[in-house]
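If you want the building blocks of each chain, they are given just below.
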Amino acid sequence: MIKENIERVRQRISAVCARINVCPHKISIVCVTKGRTLEQIAQVIGLGYKDIGENRVQEASEKHKQIFGAKWHMIGHLQSNKTKEAVRIFDLIHSVDSVGLAREINRQAIKINKTQDVILEVKTSEEKTKFGFVPVELQDAAIEICKLSNLSVKGLMTIAPLMENSQETRKYFSLVRKLRDRLNPRWLLSMGMSDDFEIAIEEGADIIRLGRVIFEG
Ligand SMILES: *Cc1c(COP(=O)(O)O)cnc(C)c1O
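Residues numbered from 1 in each chain as written. Predicted model: local features only at pLDDT ≥ 70, side-chain atom pairs only at ≥ 80, totals over all residues. Heavy atoms only, no water.

Draft legend 1. Layout of the nonpolar core. Core analysis: the largest hydrophobic core is formed by 62 residues, its most contacted members being L120, I145 and I214. The leading source of residues in this core is helix α1 (residues 2-20), at 6 residues. Ignoring sequence-local partners within four residues, the contact set of L120 consists of H94, V96, F133, L138, A142, I145, V153, G155, L156, M157 and W187. Judged by nonpolar contacts, the second largest core, of 5 residues, contains L92, I119, M157 and I207. (Core = buried A, V, L, I, M, F, W, Y, C linked by side-chain atoms within 4.5 Å. Buried < 20%, exposed > 50% of the residue type's maximum accessible area, 1.4 Å probe, protein only. Helix = DSSP H or I, 4+ residues; strand = E, 2+ residues; numbered from the N terminus. Contact = heavy atoms within 4.5 Å.)

Draft legend 2. Examining the pattern of salt bridges more closely. Enumeration over the complete set of coordinates arrives at 20 salt bridges. Of the charged contacts in the structure, one is a salt bridge between E202 and R19, with a shortest N-O distance of 2.5 Å. Of this pair, E202 sits in helix α8 (residues 197-202) while R19 is found in helix α1, placing the two residues 183 residues apart along the sequence. Residue R19 is classed as exposed on the basis of its relative accessible area of 56%. Here D206 makes a salt bridge to K26, at a shortest N to O gap of 3.5 Å. With D206 in the loop between α8 and β8 (207-210) and K26 in the loop between α1 and β1 (28-32), this residue pair connects regions lying 180 residues apart in the sequence. D206 gets classed as buried once you look at its relative accessible area, which sits at 9%. Connected through salt bridges with shared partners, the residues R19, R170, E202 and E203 form a single ionic network. (Salt bridge = Lys/Arg side-chain N within 4 Å of Asp/Glu carboxyl O.)

Quick look at the structure:
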C-alpha cells in the first residue's frame with residue numbers, strides 16, 4: 001500500500017512540475033512518521049525515502065535508536081528543554097520559531113561540535129495554535145540567527161491553515177516565497193502537506209512534508 005501511495009504521489013508531483021516547468025527532482029519528500037510504526041518507517045526507507053519527519057523529540061528519540069540510514073527532520077514545535085536531545089538526533093530542524101530557541105540550539109550544537117542545519121518557521125496565519133515568526137519580525141530574527149556560529153540556516157518553513165478550498169492556501173505559500181526571495185534566494189522552502197502539496201509546489205516549495213497521503217488510504 002505504501003509503495004502504491006508513494007507512486008501516486010510521485011505522479012502527482014510530476015504532473016504539477018510538468019505544468020510549471022520545474023524538474024521533479026527539485027522536490028524532496030519528507031515522510032512524516034509521527035504516530036507510525038517502526039515497520040512503516042523501515043518500509044519507506046526500503047523504498048529509497050530516507051527523509052523522515054517527526055514532531056516530538058521523545059518519539060523520534062525512541063525511533064532513532066532502532067532505525068538506521070534515515071535523515072531525521074524535526075517538524076514540530078521544539079521546547080527549550082528538549083534541544084539537547086534534538087541536536088543529538090536531528091539532521092535538520094524545520095521548526096525554529098524564536099531567537100531564544102535558536103540560541104539554545106546553537107549552545108547545544110557547540111557542546112558537541114556540530115553545525116546544526118535549521119529552517120525558520122513562519123507563522124502565516126492568525127491561528128493561535130501556530131508557532132513561528134510573524135512576517136514583520138522575520139528579517140531581524142533571521143539576521144540574529146545567522147550570526148550564531150554553529151547554526152546553518154537553510155530556509156523557511158510554513159504550515160498553511162486548513163482551508164475548505166485548498167486554493168485558499170496559495171496566498172500563504174506565496175507570502176513565504178516572497179519573504180525567502182527577499183532574505184536569501186538560495187534558501188529552501190519547506191511547505192506543503194498531504195492536502196496542499198501541489199499548490200505549495202506551484203508556489204515554489206522545495207521540501208514537502210507528507211504523512212497521510214503516504215501512510216493512509
Ligand atoms: C503532521 C505534519 C505534516 C504531515 O501532515 P499530513 O497532512 O499527514 O501530510 C507535515 N508537517 C507538519 C509540521 C506536521 O505536523
